[in-house]
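An overview of the molecular structure
Listed below are the residues making up each chain.
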Amino acid sequence: MLKTRLITAFVMLVLFLGALFWLPPRAWAAFAGVLLIPAAWEWGKLIKLRPNACGLYVILVAAACASLFGWEQQDNPIGRGGAQTAVYMGAGLFWMIVVPVWLWRSRLPRSRWLGALTGLVVLVPTWLALVELRILGPWLLLLLMSVAWISDSAAYFAGRRFGRHKLAPSISPGKSWEGVAGAVLAVSAYAVLWSYAWQQYFPPALKSLRFGAVGMLLFLWLLTAIGVYGDLFESALKRQAGVKDSGVLLPGHGGVLDRIDAITAVLPVAALAYLL
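Anyway, here's the lowdown on the structure attached to this text. (Residues numbered from 1 in each chain as written. Predicted model: local features only at pLDDT ≥ 70, side-chain atom pairs only at ≥ 80, totals over all residues. Heavy atoms only, no water.)

1. Describing unusual backbone geometry
For Lys48, which is not a glycine, the phi torsion comes out positive at approximately 70 degrees. Relative to the assigned elements, Lys48 resides in the loop between helix H2 (25–46) and helix H3 (51–68). (Helix = DSSP H or I, 4+ residues; strand = E, 2+ residues; numbered from the N terminus.)

This is the structure we're talking about:
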């Protein structure tokens with residue numbers, strides 16, 4: 001299983017990095033859309049849509065993404081439009097207020113209509129952030145996605161080694177507060193590295209207010225916390241659906257949603273800092 005997991009991860013990483021650094025903007029937008037198609041299908045299955053309805057839901061998600069993208073503006077960031085601003089603000093409020101309340105009260109949406117709307121709030125801003133942040137620079141997008149990857153990896157290993165106190169046993173018994181501490185420590189080290197090596201990729205607000213390394217540390221801590229909520233939210237959704245994985249597309253990893261749960265929370269919030 002570990003060998004399969006590593007091979008799948010390597011293939012995914014090579015494909016993703018190749019697309020990130022070599023595809024032109026329009027092709028990258030299409031590539032990001034292709035990534036979201038299986039995620040939308042898996043979301044439909046998790047909220048108990050029938051196969052035909054899942055297909056329609058994929059079309060709905062794709063149409064929502066396409067409607068937000070101005071093909072004639074490929075060479076410029078498009079995050080300052082009214083529709084894009086609303087998307088990021090809505091996603092930010094969802095991850096910072098709605099999801100914590102839902103998880104705290106252990107009450108997720110059970111209505112299929114509300115579940116479908118929630119999927120739009122999760123998936124569409126993720127696609128838009130992938131497209132717009134990459135316009136600002138592929139390295140910036142990679143650095144921001146690495147926050148979620150570093151946090152997830154550190155939490156996994158710290159939790160396995162030191163985990164004693166459960167973070168949310170009714171949602172995801174394998175996650176621990178020690179794992180969260182490991183994630184915070186790893187991301188703190190990453191913030192120090194970012195502050196010295198990639199200052200040109202600071203959020204504009206941190207540059208203008210001259211918050212420096214401390215501001216970057218707080219910003220990455222915020223993204224880490226939101227990424228944890230993204231992970232827990234998808235775990236809660238799977239538990240409600242009675243499944244272990246969101247899908248079977250990725251050998252050794254489960255479904256696409258299983259791999260991008262933290263990313264769906266981190267990127268739209270990061271886009272608020274960089275694009276608005």
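2. Overview of the packing of H2 against helix H5 (residues 112–136)
Packed helices, taken two at a time, are described by the angle between their axes plus the distance between the axes. Two elements in contact, H2 and H5, have axes separated by 10 Å at closest approach and are oriented at 160 degrees. Viewed along their axes, H2 and H5 adopt a mutual orientation that is roughly antiparallel. Seen along the crossing, H2 lies across H5 with a hand that is right-handed. Where H2 abuts H5, its residues Pro25, Trp28, Ala29, Ala32, Gly33, Leu36, Ala39, Ala40 and Trp43 lie against Gly115, Thr118, Gly119, Val122, Leu123, Trp127, Leu130, Val131 and Arg134. Class assignment for the residues of the contact of H2 with H5 results in 13 nonpolar, four polar and one charged. (Axes fitted to C-alpha atoms, helices over the stretch in contact; angles between N-to-C directions. Parallel < 35°, antiparallel > 145°, perpendicular 65-115°, else oblique. Left-handed = near helix turned anticlockwise from the far one by under 90°. Contact = heavy atoms within 4.5 Å. Nonpolar A, V, L, I, M, F, W, Y, C, P; charged D, E, K, R; others polar.)

3. With respect to the packing of helix H9 (residues 212–241) against helix H10 (residues 256–275)
The interhelical angle for the contact between H9 and H10, taken along N-to-C directions, is 140 degrees, at an axis separation of 8 Å. When you trace H9 past H10, the crossing you get is right-handed. Here H9 contributes Met216, Phe219, Leu223, Ile226, Gly227, Gly230, Asp231, Glu234 and Lys238 to the contact with H10, which in turn contributes Leu257, Asp258, Asp261, Ala262, Ala265, Val266, Val269, Ala270, Ala273 and Tyr274. Residues belonging to the contact of H9 with H10 are distributed by class as follows: twelve nonpolar, two polar and five charged.

4. As for a nonpolar patch on the surface
A surface patch of nonpolar side chains, about 470 Å² in accessible area, is lined by Leu93, Met96, Ile97, Val98, Val101 and Leu222. Among the elements that make up the nonpolar patch, the one with the highest residue count is helix H4 (residues 82–105) (five residues). Relative to the helices and strands, Met96 is located in helix H4. With relative accessibility at 41%, the residue Met96 sits in the partly exposed group. (Patch = residues over 30% accessible without salt bridge, like charges linked within 9 Å, V, L, I, M, F, W, Y side chains within 5 Å. Areas by Shrake-Rupley, 256 points an atom, 1.4 Å probe, with all protein chains shown as cover. Salt bridge = Lys/Arg side-chain N within 4 Å of Asp/Glu carboxyl O. Buried < 20%, exposed > 50% of the residue type's maximum accessible area, 1.4 Å probe, protein only.)

5. Here we look at helix H7 (residues 177–197)
In a regular helix each residue adds 1.5 Å, so 21 residues correspond to 30 Å; H7 covers 30 Å between its end C-alpha atoms and thus fits that length. All of the buried residues in H7 are Glu178, Gly179, Gly182, Ala183, Val187, Ser188, Tyr190, Ala191, Trp194 and Ser195. Packing partners of the buried residues in H7 comprise helix H6 (138–162), strand E2 (172–176), H9 and H10. (Expected span 1.5 Å × (residues − 1).)

6. Remarks on the nonpolar core
The biggest cluster of nonpolar side chains holds 80 residues, and the ones touching the most others in it are Leu144, Trp194 and Leu220. In terms of residues, this core owes the most to one element, H10, which gives 14 residues. Setting aside its immediate chain neighbours within four residues, Trp194 contacts Leu140, Leu143, Leu144, Val147, Gln199, Tyr201, Phe202, Met216, Leu220 and Tyr274. (Core = buried A, V, L, I, M, F, W, Y, C linked by side-chain atoms within 4.5 Å.)

7. As for the side chain of Ser172
By secondary structure assignment, the location of Ser172 is in strand E2. Since its relative accessible area comes to 10%, Ser172 is described here as buried. Polar side-chain contacts of Ser172 include one of 2.9 Å to the side chain of Lys175. Ignoring anything within four residues of it in the chain, the contact list for Ser172 reads Leu232 and Ser235. (Polar contact = N/O pair within 3.5 Å; in protein donor to acceptor, adjacent residues only side chain to side chain.)

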